[in-house]
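Survey of secondary and tertiary structure
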Amino acid sequence: MIAIVQEGRPVPPVERLEAEADVVVVRTADEFRAAQPGAEILFLNDFRTKLLREVGPGGLRWIHTSSIGVDTLLTEEIVNSDIVVSNSRGVCERPIAEWVLGVLLMFTKDLRRTIELQRARTWQHRETEPLLGRKVLVVGPGPVGRETVLLLRAAGMDVTVVGRTAREDAQLGAIAPFGDLDVLLGEADDVVLTLPLTEETRGLFNAARFDKMCPGARLVNVGRGAVVVEQDLIDSIDAGHLGAAALDVFEHEPLAAENPLWSRNNILVSPHASGDLIGWRGRVVDSFARNLGRWKANEPLHDVVDLKKLGVTAPILVPEKP
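This structure is a prediction, so every number in the text was calculated from the model and none was measured. (Residues numbered from 1 in each chain as written. Predicted model: local features only at pLDDT ≥ 70, side-chain atom pairs only at ≥ 80, totals over all residues. Heavy atoms only, no water.)

**Observations regarding the overall build of the chain**
Secondary structure summary: the chain contains twelve helices and 13 strands in total. Its C-alpha atoms give the chain a radius of gyration of 21 Å, near enough to 20 Å, the size a compact globule of 322 residues would have. Considered along the principal axes of its C-alpha atoms, the chain spans approximately 65 × 45 × 30 Å. For the chain, with 322 residues in total, the buried portion stands at 49%. Pairs at least 24 residues apart make up 61% of the contacts formed inside the chain by residues separated by at least 6 positions. Of the accessible surface of the chain, which amounts to about 15000 Å², a share of 52% is contributed by carbon and sulfur atoms. Between the centroid of the 36 positive side chains of the chain and the centroid of its 46 negative side chains there is a distance of 4 Å. (Helix = DSSP H or I, 4+ residues; strand = E, 2+ residues; numbered from the N terminus. Rg over C-alpha atoms; globule rule 2.2 N^0.38 Å. Buried < 20%, exposed > 50% of the residue type's maximum accessible area, 1.4 Å probe, protein only. Contact = heavy atoms within 4.5 Å. Areas by Shrake-Rupley, 256 points an atom, 1.4 Å probe, with all protein chains shown as cover. Lys, Arg positive; Asp, Glu negative; His and termini not counted. Charge placed at Lys NZ, Arg CZ, Asp CG, Glu CD.)

Structure below.
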C-alpha cells in the first residue's frame with residue numbers, strides 16, 4: 001500500500017498510481033497512524049508536513065518526496081534507518097533556474113519601477129544595468145544550482161560556484177569550497193542561494209556575511225528559507241548596504257501578513273512557487289510512478305538521496321493552519 005501525505009496541498013493526479021497499488025491519502029496524524037500498518041511506501045506530496053516528525057515512519061521501506069529538498073525527513077529515526085529516500089529530481093530544477101534569471105533581469109532592467117511608472121502614467125526615461133558580464137556567486141552546486149549556473153552563463157553572466165569542498169566538475173568547472181565563501185562574497189554583484197537546509201547551512205547568511213557582500217549587491221534565495229537570517233537581511237537592506245533581494249523561500253511558511261519583508265520595495269516575495277510550472281504535479285507523479293515500476297521489479301531506484309550525508313536537522317518551524 002502507498003500512503004500519500006497531503007495535509008494542506010491539492011491532491012495530485014494519482015489515477016496512474018491507483019492502477020499499480022492500493023493508495024490511501026492521509027491528512028492528519030490519526031489518519032497516518034491508521035494507514036501505517038499496511039503501508040510500506042510513502043509518497044510525501046507536502047514538503048511542509050510535520051506528520052513524520054510527529055508520528056514517525058513506522059514500517060515504511062521507501063519514502064518519495066515531491067520536492068527536491070528532503071529536510072522534513074532529516075530526523076534521527078529516518079536518517080539512521082534502512083528506509084530508502086528518493087526525491088523528484090528533474091521536475092523543478094530548470095523552472096527554478098528560469099525564475100532566478102527572471103528576477104535578475106527584473107533587477108538589472110528595473111522592471112518593477114517601469115510598472116510603477118506605467119501605473120502612474122509617467123513617462124520617465126531611465127538607464128539600466130547590463131546583464132552581460134555581471135558577476136554572480138551561486139552557493140550550492142546541487143541539481144538546482146547546476147541548472148542555474150548553466151542558464152546564467154548562457155545569458156552572458158560571469159558565474160562562480162561554491163560547494164562544500166573544492167573540486168572540478170565536468171559541467172560547472174572549478175567549484176570553490178565553503179572556506180572561500182567570505183572572500184568571494186566581496187566580489188559578486190549577485191549572490192544566489194540554492195542550498196539545502198542542514199545544520200551546516202542553517203543561518204549561514206547572517207549579518208556578518210551580508211556585511212562581506214559588495215555594497216548594492218543583490219541576494220536571491222531559492223534553497224531553504226532558514227539558510228538566511230531574515231531580520232539581518234532586512235537590516236542590511238534598510239541600512240542601504242544590500243541593494244535588493246528576491247526570496248522564494250522563508251523560514252516560516254506561509255509568510256505571515258505582518259512580516260516586514262512584504263513592505264520593502266526592493267524585496268521580492270514569492271510564495272515558494274519558483275519551480276511550479278503548469279502541470280508540475282502530474283510530472284511529479286510520473287517521476288514517482290517510474291520509480292514504483294522499478295520497486296515492483298526489484299530494480300534500483302533512481303534519484304535516491306543520501307540522508308546521512310545531509311545529517312539530522314531541526315524541523316522547519318511552520319505556523320499552524322488557521
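**Quick look at the sheet that holds strand β9 (residues 173-177)**
Here eight strands make up an open sheet; going across it, the order is β8-β9-β7-β6-β10-β11-β12-β13 and the pairing mixed. The sheet is open, and its two borders are formed by β8 (167-169) and β13 (267-269), each paired with just one other strand. Strand-to-strand twist of the sheet, defined as the mean angle between neighbouring strand axes without regard to direction, takes the value 20°. Direction of pairing for strand β6 (residues 135-139) relative to strand β10 (residues 190-193): parallel, over a ladder of four bridges. Across the sheet, V138 pairs through a bridge with V192, a residue of β10. Most of the contacts of helix α7 (residues 143-154) go to strand β7 (residues 158-163), to which it runs at about 165°, and overall it touches β6, β7, β8 and β10. (Pairing = 2+ DSSP bridges. Axes fitted to C-alpha atoms, helices over the stretch in contact; angles between N-to-C directions.)

**Brief notes about the nonpolar core**
Side chains of a nonpolar character, in soluble globular proteins, are inclined to be buried together. Ranked by internal contacts, the top residues of the largest apolar core, which has 44 residues, are L17, F43, W99, V100, L152 and V220. The set of elements that each furnish at least two residues to this core consists of β1 (2-5), β3 (41-44), α5 (93-108), β6, α7, β7, β12 (244-247) and α11 (280-296). Among the elements that make up this core, the one with the highest residue count is α5 (nine residues). Apart from the residues lying within four places of it in its own chain, the contact partners of L152 are V100, L101, L104, V136, M157 and V159. In this structure, L181, A217, F250 and I267 belong to the second largest nonpolar core, which totals 33 residues. (Core = buried A, V, L, I, M, F, W, Y, C linked by side-chain atoms within 4.5 Å.)

**What to know about unusual backbone geometry**
Look at the link from E253 to P254: it is a cis peptide, with omega at 0°. Relative to the assigned elements, P254 resides in the loop between β12 and β13. The phi dihedral of R121 falls on the positive side, at around 55°, and the residue is not glycine. As for its position among the elements, R121 is in the loop between α6 (111-119) and β6. Within the chain, H272 stands out as a residue other than glycine whose phi angle is a positive 50°. On the secondary structure map, H272 appears in the loop between β13 and α11.

**Here's the deal with the sheet that holds strand β2 (residues 23-26)**
On the basis of which strands lie adjacent, the open sheet formed by five strands has the order β2-β1-β3-β4-β5 and parallel pairing. Across the chains shown, the open sheet's two edge strands, defined by having one partner strand only, are β2 and β5 (84-86). The average undirected angle you get between the axes of adjacent strands in this sheet is 20°. Here strand β4 (residues 62-65) pairs with β5 via three bridges, running parallel. The partner of H64 across the bridge, within β5, is S86. Where α11 meets the sheet, it contacts β1, β3, β4 and β5, and its direction lies at approximately 160° from that of β4.

**As for helix α10 (residues 230-238)**
Residues of α10 that are buried include every one of E230, D232, L233, I234, S236 and I237, and no others. Those residues of α10 that are buried are in contact with α9 (207-212), β11 (218-221), β12 and β13. Positive backbone phi, approximately 85°, marks G240, located one or two places after α10.

**Some thoughts on the confidence of the model for the chain**
Summing up the model confidence of the chain, the mean pLDDT is 92 and the portion of residues at 70 or higher is 95%. Segment residues 315-322 is flagged for pLDDT under 50; beyond a separation of four residues in sequence, or across chains, it makes 17 contacts in the model. (pLDDT = per-residue confidence, 0-100.)

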